[in-house]
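# Coordinates in review
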Amino acid sequence: HFRPDKFPMDPVIFTGRVDLHELKEDRPRLYAQLLESGELEDAITGPPPPWLERWARVFGLTALVLGILTIVLIIYSMVFLYR
């Protein structure tokens, strides 16, 4: 049984929220800037609601599948349909 919430995708691009630990590791300069300017406390929010994270993963997986399908169809048309 496939579960989109177990699909290894980072939903940050769709939810706009990143875990503080992930921000420290992935974007240390941004974290330092927010910390120095005092804007870090204002930027902290809770995690995205479970429904938003689930739909972000479903949307991301759907976009990925459509993108791969488009590439396959383009290659197919170039190989078999060009004359």
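Below: a short report on this structure. Just so it is clear, the model here is predicted, and its values are computed rather than measured.

## Side note on the overall build of the chain
- Helix and strand content of the chain: 5 helices and 0 strands.
- Secondary structure elements of the chain, listed N to C terminal, follow the sequence α-α-α-α-α.
- Its C-alpha atoms give the chain a radius of gyration of 19 Å, more than 25% over the compact-globule value 12 Å for 83 residues.
- The dimensions of the chain, computed from C-alpha atoms along their principal axes, are 65 × 30 × 15 Å.
- For the chain, contacts bridging at least 24 residues in sequence account for 72% of all contacts bridging at least 6.
- Computing the positive centroid from 9 side-chain charges and the negative centroid from 11, the chain places the two 12 Å apart.

## Regarding the pattern of salt bridges
- In this structure the tally under the stated criterion is 1 salt bridge.
- Residue Glu53 is joined to Arg57 by a salt bridge in which the shortest nitrogen-to-oxygen separation is 3.5 Å. With Glu53 and Arg57 both in helix α5 (residues 50–81) and 4 residues apart, this pair spans about one turn of that helix.
- For Glu53, a relative accessible area of 27% translates into the label partly exposed.

## Let's talk about α5
- Here α5 contains 32 residues, and its C-alpha end-to-end distance of 45 Å stays within 8% of the 46 Å for a straight helix at 1.5 Å per residue.
- Every buried residue of α5 is accounted for by Ala56, Arg57, Gly60 and Leu61.
- Against the buried residues of α5 lie α1 (12–15).

What counts as what
- Residues numbered from 1 in each chain as written.
- Predicted model: local features only at pLDDT ≥ 70, side-chain atom pairs only at ≥ 80, totals over all residues.
- Heavy atoms only, no water.
- Helix = DSSP H or I, 4+ residues; strand = E, 2+ residues; numbered from the N terminus.
- Rg over C-alpha atoms; globule rule 2.2 N^0.38 Å.
- Contact = heavy atoms within 4.5 Å.
- Lys, Arg positive; Asp, Glu negative; His and termini not counted.
- Charge placed at Lys NZ, Arg CZ, Asp CG, Glu CD.
- Salt bridge = Lys/Arg side-chain N within 4 Å of Asp/Glu carboxyl O.
- Buried < 20%, exposed > 50% of the residue type's maximum accessible area, 1.4 Å probe, protein only.
- Expected span 1.5 Å × (residues − 1).

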